[in-house]
Amino acid sequence: MTFAIHKAVFPIAGLGSRFLPATKASAKEMLPVVDKPLIQYAVEEAYEAGIRHMIFVTGRTKRSVEDHFDTAYELENELEQAGKTELLKIARSIAPDDMVCSYVRQPRALGLGHAVLCAEPLVGNEAFAVLLADDLMVGKPSITAQMVKQYEELQASILAVQDVPLAHTNRYGIVSAVHTNGDLTDISGIVEKPAPKDAPGTLAVAGRYILNPGIFQELKNTPKGAGGEIQLTDAIAQLLKKEKVFAYRYQGTRYDCGSKLGFLQATVDLGEHHPQVGAEFTAWLSSRR
Ligand code: G1P
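Summary of the structure given here. (Residues numbered from 1 in each chain as written. Predicted model: local features only at pLDDT ≥ 70, side-chain atom pairs only at ≥ 80, totals over all residues. Heavy atoms only, no water.)

The subject of this paragraph is the overall build of the protein chain. Secondary structure summary: the protein chain contains eleven helices and 13 strands in total. Against the globule reference of 19 Å for 289 residues, the protein chain gives a C-alpha radius of gyration of 19 Å, in line with a compact fold. Within the protein chain, the fraction of its 289 residues that count as buried is 49%. When contacts within the protein chain are restricted to residue pairs at least 6 apart in sequence, those whose partners lie at least 24 apart make up 75%. When the accessible surface of the protein chain is split by element, carbon and sulfur atoms take 53% of a total near 14700 Å². If the 30 positive side-chain charges of the protein chain are averaged to one point and the 34 negative ones to another, these points end up 7 Å apart. (Helix = DSSP H or I, 4+ residues; strand = E, 2+ residues; numbered from the N terminus. Rg over C-alpha atoms; globule rule 2.2 N^0.38 Å. Buried < 20%, exposed > 50% of the residue type's maximum accessible area, 1.4 Å probe, protein only. Contact = heavy atoms within 4.5 Å. Areas by Shrake-Rupley, 256 points an atom, 1.4 Å probe, with all protein chains shown as cover. Lys, Arg positive; Asp, Glu negative; His and termini not counted. Charge placed at Lys NZ, Arg CZ, Asp CG, Glu CD.)

Around the ligand, the structure places 13 residues, and the nearest of them are Asp135, Gly173, Glu192, Lys193 and Val205. In this structure, Gly173 approaches the ligand through a main-chain N or O atom, which is 2.9 Å from an oxygen atom. Residue Lys193 places a side-chain N or O atom 2.5 Å away from an oxygen atom belonging to the ligand. Here the ligand, which alone exposes 380 Å², has 79% of that area covered by the protein. No other element matches strand β11 (residues 203-211), which puts four residues into the shell around the ligand. (Near = heavy atom within 4 Å. Polar contact = N/O pair within 3.5 Å; in protein donor to acceptor, adjacent residues only side chain to side chain.)

Note on helix geometry: an α-helix contains 3.6 residues per turn, so any two residues three or four positions apart are oriented the same way. Taking 1.5 Å of rise per residue, twelve residues should cover 16 Å, and helix α7 (residues 143-154) covers 16 Å from first to last C-alpha, within 8% of that figure. Of the residues making up α7, those classed as buried are Ile143, Thr144, Ala145, Gln146, Met147, Val148, Gln150 and Tyr151. Just beyond α7, the residue with positive phi is Gln155, at close to 55 degrees. (Expected span 1.5 Å × (residues − 1).)

Turning our eyes to something else, we now look at the packing of helix α3 (residues 73-81) against helix α4 (residues 85-93). Across the interface, α3 lies against α4 with an axial gap of 9 Å and an inter-helix angle of 160 degrees. Relative to α4, the element α3 is oriented roughly antiparallel. Our pair here, α3 against α4, has a crossing hand that is left-handed. Taken together, the residues of α4 that come into contact with α3 (itself represented by Leu75, Glu76, Leu79 and Glu80) are Leu87, Leu88, Ala91 and Arg92. Here the residues of the contact of α3 with α4 are counted per class, giving five nonpolar, no polar and three charged. (Axes fitted to C-alpha atoms, helices over the stretch in contact; angles between N-to-C directions. Parallel < 35°, antiparallel > 145°, perpendicular 65-115°, else oblique. Left-handed = near helix turned anticlockwise from the far one by under 90°. Nonpolar A, V, L, I, M, F, W, Y, C, P; charged D, E, K, R; others polar.)

We now examine the pairing of strand β4 (residues 53-58). β4 sits mainly inside the fold: six of its six residues count as buried. The pairing of strand β1 (residues 7-11) with β4 spans five bridges and is classified as parallel. Across the sheet, Phe10 pairs through a bridge with Phe56, a residue of β4. Two elements, β4 and strand β5 (residues 100-105), share six bridges in a ladder whose sense is parallel. Paired with Thr58 across the two strands is Arg105, which belongs to β5. (Pairing = 2+ DSSP bridges.)

All right, on to the environment of Leu136 then. Tracing the backbone shows Leu136 in strand β7 (residues 135-138). Residues Leu136 and Asp256, 120 residues apart in the sequence, show an inter-C-alpha distance of 6.6 Å. Those residues within four positions of Leu136 in sequence are excluded, and the remaining contacts are Val33, Leu38, Tyr41, Thr253, Arg254, Tyr255, Cys257, Ala266 and Leu270.

Counting across every chain of the model gives six aromatic pairs. Plain terms: the ring middles of Phe56 and Tyr103 are 4.9 Å apart, the flat faces sit at 15 degrees to each other, and that makes the pair stacked. Here Phe56, found in strand β4, pairs with Tyr103, found in strand β5; they are 47 residues apart in sequence, far enough to count as distant. Assessed through its relative accessible area of 0%, Phe56 is described here as buried. Residue classification places Tyr103 among the partly exposed residues on the basis of a relative accessible area of 27%. What links up through ring pairs into an aromatic cluster is the set Phe10, Phe56, Phe69 and Tyr103. For the cation-ring pair, Arg52 lies above Tyr47, with the distance from its terminal atom to the ring centre recorded as 3.5 Å. (Phe/Tyr/Trp six-rings, centres within 6.5 Å; stacked < 30°, edge-to-face > 60°. Lys NZ or Arg CZ within 6 Å of the ring centre and 35° of its normal.)

Here's what the structure looks like:
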(Lines give C-alpha, C1' and ligand atoms only; values in the text may rest on other atoms or scores of the structure.)
Protein backbone atom coordinates (compact mmCIF):
# COMPACT_ATOMS: atom_id res chain seq x y z
CA MET A 1 0.00 0.00 0.00
CA THR A 2 1.33 3.46 -0.82
CA PHE A 3 0.52 6.53 1.22
CA ALA A 4 0.15 10.13 0.12
CA ILE A 5 2.49 11.60 2.70
CA HIS A 6 6.11 10.51 2.91
CA LYS A 7 7.75 13.06 5.20
CA ALA A 8 7.13 14.32 8.72
CA VAL A 9 8.68 17.37 10.34
CA PHE A 10 9.31 17.42 14.09
CA PRO A 11 10.17 20.89 15.40
CA ILE A 12 12.21 20.13 18.52
CA ALA A 13 14.49 23.13 18.96
CA GLY A 14 12.33 24.75 21.69
CA LEU A 15 13.89 25.28 25.10
CA GLY A 16 11.11 23.66 27.10
CA SER A 17 11.16 26.39 29.71
CA ARG A 18 7.64 25.45 30.89
CA PHE A 19 9.22 22.26 32.22
CA LEU A 20 12.17 23.61 34.20
CA PRO A 21 14.11 22.40 36.08
CA ALA A 22 13.83 19.06 34.21
CA THR A 23 14.74 20.68 30.90
CA LYS A 24 17.74 22.70 32.03
CA ALA A 25 20.26 20.28 30.53
CA SER A 26 17.99 17.67 28.91
CA ALA A 27 15.78 17.76 25.84
CA LYS A 28 12.09 18.02 26.81
CA GLU A 29 11.27 15.66 23.92
CA MET A 30 13.28 12.97 25.73
CA LEU A 31 11.11 13.07 28.86
CA PRO A 32 9.62 9.60 29.16
CA VAL A 33 5.96 8.82 29.63
CA VAL A 34 6.21 5.46 31.42
CA ASP A 35 9.16 4.07 29.43
CA LYS A 36 9.20 5.88 26.12
CA PRO A 37 10.38 9.41 25.32
CA LEU A 38 7.78 11.85 23.97
CA ILE A 39 9.54 12.12 20.62
CA GLN A 40 9.34 8.37 20.11
CA TYR A 41 5.55 8.42 20.54
CA ALA A 42 5.35 11.08 17.81
CA VAL A 43 7.71 9.22 15.46
CA GLU A 44 5.77 5.97 15.93
CA GLU A 45 2.56 7.83 15.19
CA ALA A 46 3.99 9.11 11.89
CA TYR A 47 5.43 5.70 11.03
CA GLU A 48 2.01 4.11 11.56
CA ALA A 49 0.68 6.59 8.97
CA GLY A 50 3.11 5.20 6.37
CA ILE A 51 5.63 8.03 6.75
CA ARG A 52 9.23 6.84 6.49
CA HIS A 53 11.28 10.03 6.29
CA MET A 54 11.46 11.78 9.67
CA ILE A 55 12.88 15.31 9.62
CA PHE A 56 13.90 16.80 12.96
CA VAL A 57 14.37 20.55 13.25
CA THR A 58 16.77 20.53 16.11
CA GLY A 59 19.00 22.73 18.24
CA ARG A 60 22.23 22.73 20.21
CA THR A 61 20.88 20.99 23.29
CA LYS A 62 19.01 18.21 21.50
CA ARG A 63 21.76 15.77 20.55
CA SER A 64 20.20 13.02 22.65
CA VAL A 65 17.33 12.86 20.13
CA GLU A 66 19.79 12.02 17.32
CA ASP A 67 21.41 9.38 19.50
CA HIS A 68 18.04 7.89 20.37
CA PHE A 69 17.23 7.18 16.71
CA ASP A 70 20.75 5.95 15.91
CA THR A 71 22.19 2.47 16.41
CA ALA A 72 23.65 1.94 19.90
CA TYR A 73 26.35 -0.64 19.10
CA GLU A 74 27.69 -1.00 22.64
CA LEU A 75 24.23 -1.50 24.11
CA GLU A 76 23.18 -3.94 21.39
CA ASN A 77 26.41 -5.94 21.82
CA GLU A 78 25.98 -6.14 25.57
CA LEU A 79 22.36 -7.26 25.28
CA GLU A 80 23.24 -9.80 22.60
CA GLN A 81 26.08 -11.28 24.68
CA ALA A 82 23.80 -11.47 27.71
CA GLY A 83 21.09 -13.20 25.65
CA LYS A 84 18.56 -10.47 26.51
CA THR A 85 16.67 -10.85 23.26
CA GLU A 86 13.48 -9.02 24.30
CA LEU A 87 15.41 -5.93 25.34
CA LEU A 88 17.52 -6.14 22.18
CA LYS A 89 14.32 -6.17 20.13
CA ILE A 90 13.13 -3.02 21.94
CA ALA A 91 16.45 -1.23 21.35
CA ARG A 92 16.46 -2.12 17.65
CA SER A 93 12.80 -1.32 17.01
CA ILE A 94 13.29 2.39 17.80
CA ALA A 95 14.63 2.97 14.29
CA PRO A 96 13.26 0.37 11.85
CA ASP A 97 15.45 -0.35 8.80
CA ASP A 98 13.10 1.36 6.37
CA MET A 99 13.00 4.62 8.36
CA VAL A 100 15.23 7.54 7.38
CA CYS A 101 16.04 10.33 9.85
CA SER A 102 17.35 13.75 8.80
CA TYR A 103 18.36 16.58 11.06
CA VAL A 104 18.46 20.27 10.33
CA ARG A 105 19.34 22.98 12.81
CA GLN A 106 17.15 25.92 13.71
CA PRO A 107 19.93 28.32 14.62
CA ARG A 108 17.74 30.89 16.39
CA ALA A 109 14.54 30.55 18.41
CA LEU A 110 12.32 32.43 15.97
CA GLY A 111 9.19 30.37 16.45
CA LEU A 112 7.31 27.37 15.10
CA GLY A 113 6.81 28.89 11.63
CA HIS A 114 10.53 29.52 11.30
CA ALA A 115 11.26 25.96 12.46
CA VAL A 116 9.02 24.52 9.74
CA LEU A 117 10.69 26.77 7.16
CA CYS A 118 14.10 25.37 8.20
CA ALA A 119 12.86 21.97 6.95
CA GLU A 120 12.07 23.23 3.43
CA PRO A 121 15.30 21.99 1.78
CA LEU A 122 14.56 18.48 3.09
CA VAL A 123 10.83 18.49 2.37
CA GLY A 124 10.96 19.99 -1.12
CA ASN A 125 7.82 20.41 -3.18
CA GLU A 126 5.49 17.89 -1.59
CA ALA A 127 2.85 17.80 1.13
CA PHE A 128 4.18 16.85 4.55
CA ALA A 129 3.08 16.27 8.13
CA VAL A 130 4.11 18.35 11.15
CA LEU A 131 4.00 16.75 14.59
CA LEU A 132 4.59 18.67 17.81
CA ALA A 133 5.91 16.02 20.18
CA ASP A 134 4.69 17.99 23.23
CA ASP A 135 1.21 16.92 22.27
CA LEU A 136 1.07 13.22 22.93
CA MET A 137 -1.81 11.92 20.83
CA VAL A 138 -3.36 8.54 21.35
CA GLY A 139 -5.74 7.10 18.78
CA LYS A 140 -6.42 3.98 16.76
CA PRO A 141 -5.54 4.46 13.94
CA SER A 142 -2.96 7.06 14.94
CA ILE A 143 -4.08 10.68 14.62
CA THR A 144 -1.58 11.26 11.78
CA ALA A 145 -2.84 8.11 10.02
CA GLN A 146 -6.39 9.50 10.26
CA MET A 147 -5.20 12.78 8.75
CA VAL A 148 -3.26 11.13 5.93
CA LYS A 149 -6.43 9.27 5.00
CA GLN A 150 -8.32 12.59 4.90
CA TYR A 151 -5.54 14.11 2.81
CA GLU A 152 -5.81 11.32 0.26
CA GLU A 153 -9.42 12.42 -0.32
CA LEU A 154 -9.05 16.17 -0.05
CA GLN A 155 -5.52 16.92 -1.34
CA ALA A 156 -5.65 20.03 0.86
CA SER A 157 -3.89 21.12 4.05
CA ILE A 158 -5.49 19.71 7.19
CA LEU A 159 -5.20 20.79 10.83
CA ALA A 160 -6.11 18.52 13.74
CA VAL A 161 -8.62 20.32 15.98
CA GLN A 162 -10.56 19.87 19.17
CA ASP A 163 -13.01 21.97 21.15
CA VAL A 164 -11.50 23.74 24.15
CA PRO A 165 -13.03 25.78 26.99
CA LEU A 166 -13.41 29.45 26.04
CA ALA A 167 -11.01 30.42 28.84
CA HIS A 168 -8.23 28.42 27.10
CA THR A 169 -8.29 30.02 23.63
CA ASN A 170 -5.14 31.97 24.47
CA ARG A 171 -3.15 28.70 24.47
CA TYR A 172 -3.94 27.64 20.88
CA GLY A 173 -4.35 28.51 17.25
CA ILE A 174 -8.13 29.04 16.93
CA VAL A 175 -9.93 28.51 13.64
CA SER A 176 -13.11 30.08 12.30
CA ALA A 177 -15.46 27.66 10.63
CA VAL A 178 -17.30 28.12 7.35
CA HIS A 179 -19.03 24.82 6.97
CA THR A 180 -18.88 21.60 8.97
CA ASN A 181 -19.54 18.18 7.53
CA GLY A 182 -19.04 15.41 10.07
CA ASP A 183 -15.45 15.53 11.29
CA LEU A 184 -14.33 18.06 8.67
CA THR A 185 -14.65 21.80 8.79
CA ASP A 186 -13.91 24.12 5.93
CA ILE A 187 -12.13 27.02 7.62
CA SER A 188 -12.09 30.69 6.74
CA GLY A 189 -9.55 31.97 9.21
CA ILE A 190 -7.12 31.10 11.96
CA VAL A 191 -5.60 33.23 14.69
CA GLU A 192 -2.80 32.46 17.14
CA LYS A 193 -3.66 32.43 20.84
CA PRO A 194 -6.51 34.99 20.93
CA ALA A 195 -7.85 36.20 24.27
CA PRO A 196 -11.26 34.59 24.97
CA LYS A 197 -13.05 37.85 24.22
CA ASP A 198 -11.43 38.06 20.76
CA ALA A 199 -11.59 34.36 19.83
CA PRO A 200 -13.59 33.49 16.69
CA GLY A 201 -14.69 30.25 18.35
CA THR A 202 -13.37 27.45 20.50
CA LEU A 203 -12.10 25.06 17.82
CA ALA A 204 -8.41 24.79 18.67
CA VAL A 205 -5.48 23.39 16.72
CA ALA A 206 -3.74 20.41 18.33
CA GLY A 207 -0.12 19.75 17.39
CA ARG A 208 -0.73 17.85 14.14
CA TYR A 209 -0.80 19.35 10.65
CA ILE A 210 -0.65 18.15 7.08
CA LEU A 211 0.51 21.01 4.92
CA ASN A 212 0.77 21.58 1.21
CA PRO A 213 4.21 22.87 0.19
CA GLY A 214 2.72 26.30 -0.65
CA ILE A 215 3.09 26.97 3.10
CA PHE A 216 6.82 27.61 2.60
CA GLN A 217 6.19 30.63 0.36
CA GLU A 218 3.78 32.01 2.97
CA LEU A 219 6.28 31.42 5.77
CA LYS A 220 8.93 33.39 3.88
CA ASN A 221 6.55 36.35 3.78
CA THR A 222 5.27 36.04 7.36
CA PRO A 223 6.42 38.82 9.71
CA LYS A 224 6.95 38.18 13.40
CA GLY A 225 3.60 37.76 15.15
CA ALA A 226 2.45 36.74 18.66
CA GLY A 227 5.36 36.61 21.11
CA GLY A 228 7.75 38.16 18.53
CA GLU A 229 7.94 34.79 16.73
CA ILE A 230 7.22 33.71 13.17
CA GLN A 231 3.96 31.85 13.65
CA LEU A 232 2.90 28.84 11.60
CA THR A 233 -0.66 29.95 12.30
CA ASP A 234 -0.11 33.29 10.53
CA ALA A 235 1.30 31.54 7.45
CA ILE A 236 -1.70 29.19 7.39
CA ALA A 237 -3.97 32.25 7.54
CA GLN A 238 -2.24 33.54 4.37
CA LEU A 239 -2.34 30.12 2.66
CA LEU A 240 -6.10 30.07 3.26
CA LYS A 241 -6.51 33.03 0.94
CA LYS A 242 -5.11 30.92 -1.92
CA GLU A 243 -6.26 27.39 -1.25
CA LYS A 244 -8.67 25.45 0.91
CA VAL A 245 -7.57 24.38 4.39
CA PHE A 246 -9.60 21.95 6.49
CA ALA A 247 -9.87 21.41 10.21
CA TYR A 248 -10.27 17.77 11.19
CA ARG A 249 -11.78 16.66 14.50
CA TYR A 250 -9.55 13.73 15.27
CA GLN A 251 -10.71 10.58 17.04
CA GLY A 252 -8.57 10.08 20.10
CA THR A 253 -7.04 11.75 23.13
CA ARG A 254 -4.50 14.54 23.36
CA TYR A 255 -2.23 15.04 26.34
CA ASP A 256 -0.53 18.43 26.58
CA CYS A 257 2.83 17.12 27.75
CA GLY A 258 4.31 20.61 27.51
CA SER A 259 2.45 21.24 30.78
CA LYS A 260 3.04 19.48 34.06
CA LEU A 261 -0.63 18.59 34.49
CA GLY A 262 -0.94 17.09 31.01
CA PHE A 263 2.27 15.17 31.51
CA LEU A 264 0.97 13.66 34.75
CA GLN A 265 -2.35 12.76 33.11
CA ALA A 266 -0.51 11.01 30.26
CA THR A 267 1.69 9.13 32.71
CA VAL A 268 -1.29 7.85 34.68
CA ASP A 269 -3.43 6.94 31.63
CA LEU A 270 -0.64 5.27 29.69
CA GLY A 271 0.68 3.66 32.86
CA GLU A 272 -2.73 2.07 33.44
CA HIS A 273 -2.68 0.64 29.91
CA HIS A 274 0.94 -0.46 29.89
CA PRO A 275 1.19 -4.18 28.99
CA GLN A 276 3.85 -4.86 31.64
CA VAL A 277 2.85 -2.78 34.63
CA GLY A 278 -0.72 -1.64 33.79
CA ALA A 279 -2.69 -4.10 35.90
CA GLU A 280 -0.51 -3.70 38.98
CA PHE A 281 -0.41 0.09 38.62
CA THR A 282 -4.20 0.30 38.27
CA ALA A 283 -4.66 -1.86 41.36
CA TRP A 284 -2.23 0.35 43.28
CA LEU A 285 -4.04 3.51 42.15
CA SER A 286 -7.43 2.22 43.26
CA SER A 287 -6.05 1.09 46.61
CA ARG A 288 -5.19 4.77 47.25
CA ARG A 289 -8.57 6.24 46.25
C1 G1P B 1 1.61 25.63 19.11
C2 G1P B 1 0.90 26.41 18.00
C3 G1P B 1 -0.59 26.57 18.33
C4 G1P B 1 -1.20 25.19 18.56
C5 G1P B 1 -0.42 24.45 19.68
C6 G1P B 1 -0.92 23.03 19.86
O7 G1P B 1 1.65 26.43 20.27
O8 G1P B 1 1.53 27.67 17.82
O9 G1P B 1 -1.25 27.20 17.27
O10 G1P B 1 -2.56 25.33 18.91
O11 G1P B 1 0.98 24.39 19.36
O12 G1P B 1 -0.28 22.41 20.93
P13 G1P B 1 2.62 26.07 21.54
O14 G1P B 1 1.90 25.06 22.35
O15 G1P B 1 3.90 25.55 20.95
O16 G1P B 1 2.79 27.37 22.26
